[in-house]
Amino acid sequence: GLLIAYYLLRREASKPGSAIPVATNDSLLNYVLIGIIAGGRLGYVLFYNAGYFLTHPLDIFKIWQGGMSFHGGLLGVAIVALVYALRQKLSLLSTGDLLALITAPGLFLGRVANFINAELWGRETNLPWGVIFPGVEAQTCVEAVTGLCARHPSQLYEALGEGLILGAVLLYLLFRTRALRRSGLLTGIFLIGYGLTRFMVEWVRQPDAQFQT
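Throughout what follows, the structure given in this document is the object of discussion.

Parameters and conventions
- Residues numbered from 1 in each chain as written.
- Predicted model: local features only at pLDDT ≥ 70, side-chain atom pairs only at ≥ 80, totals over all residues.
- Heavy atoms only, no water.
- Helix = DSSP H or I, 4+ residues; strand = E, 2+ residues; numbered from the N terminus.
- Buried < 20%, exposed > 50% of the residue type's maximum accessible area, 1.4 Å probe, protein only.
- Contact = heavy atoms within 4.5 Å.
- Areas by Shrake-Rupley, 256 points an atom, 1.4 Å probe, with all protein chains shown as cover.
- Axes fitted to C-alpha atoms, helices over the stretch in contact; angles between N-to-C directions.
- Parallel < 35°, antiparallel > 145°, perpendicular 65-115°, else oblique.
- Left-handed = near helix turned anticlockwise from the far one by under 90°.
- Nonpolar A, V, L, I, M, F, W, Y, C, P; charged D, E, K, R; others polar.
- Salt bridge = Lys/Arg side-chain N within 4 Å of Asp/Glu carboxyl O.

## Here's the deal with the overall build of the chain
The number of helices and strands found in the chain is 7 helices and 0 strands. Along the chain, helices and strands appear, N-terminal first, in the series α-α-α-α-α-α-α. Sorting the 213 residues of the chain into buried and exposed places 38% on the buried side. Residue pairs in contact within the chain that sit at least 24 positions apart in sequence constitute 66% of those at least 6 positions apart. Working note: accessible area of the chain is about 12500 Å², and carbon and sulfur atoms make up 68% of it.

## Thoughts on the packing of helix α1 (residues 2-13) against helix α5 (residues 92-116)
In contact at an axis separation of 9 Å, α1 and α5 are set at 150 degrees when each is read in the N-to-C sense. In terms of axis orientation, α1 runs roughly antiparallel to α5. Here α1 runs over α5; the crossing is right-handed. In this structure, α1 uses Ile-4, Ala-5, Leu-8 and Leu-9 to contact α5, whose residues at the interface are Leu-98, Leu-101, Ile-102, Pro-105 and Leu-109. In the contact of α1 with α5, the residues fall into 9 nonpolar, no polar and no charged.

## Some points on the pattern of salt bridges
Tallied over the entire structure, the rule returns 7 salt bridges. Where Glu-202 meets Arg-205, a salt bridge forms, and the shortest distance between an N and an O atom there is 3.6 Å. A single network of salt bridges, built from pairs that share partners, joins Arg-111, Glu-158, Glu-162, Arg-198, Glu-202 and Arg-205.

## Examining the packing of α5 against helix α6 (residues 154-177)
At a minimum axis distance of 8 Å, the contact between α5 and α6 shows a crossing angle of 160 degrees. With respect to each other, α5 and α6 are oriented roughly antiparallel. Every pair of crossing elements has a handedness; the one defined by α5 and α6 is left-handed. Facing α5, whose interface residues are Ala-100, Leu-101, Ala-104, Leu-107, Phe-108, Arg-111, Val-112, Asn-114 and Phe-115, α6 presents Gln-155, Leu-156, Glu-158, Ala-159, Glu-162, Gly-163, Leu-164, Gly-167, Leu-170, Leu-171 and Leu-174. Classifying every residue of the contact of α5 with α6 gives 13 nonpolar, 4 polar and 3 charged.

By themselves, these are just geometric observations and shouldn't be taken as functional.
Written as structure tokens, this is what we have:
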């Protein structure tokens, strides 16, 4: 995702009269990388398993064992973007536009990874494209057939909506309308598109175990 983001920024920055200074590419992505890793990990620790990490604080640093939160990553990127914009004396909206542009590929790849890892799956379904995920207990389903339970591949729904479709819209606006010259446009479209996608997919997504009652 970061490599795709780097390519997009370099491609746009190389155009005559581009709104993206070439010198900002590497430093912006370095900030984003720090925000994703630090924010994503701390978000997981605080939102999902705070009790465990309070008694095992050194495990916070074992990111190779898994455990990242999108919410924490989003907050981490927002914080480092603020710091970056202030240090570079850039408009916050313009910085947000750059982040919106490069985020969709990472979201797409992240959701595909969720599908491959058989995590964050959807509710049970009888639809023909329902997926039987390994390790999912059949007794959690109302209608399990032969001990197996098909579920919505909600990860792929999100990959399609917040990755491919939203990314295609942003790229179209970038290359066809010079959207980067209208500060805040890409940021607004990204937030609206992502919010709508998550709102719709949550209807068929299985709630995280930590939030079930």
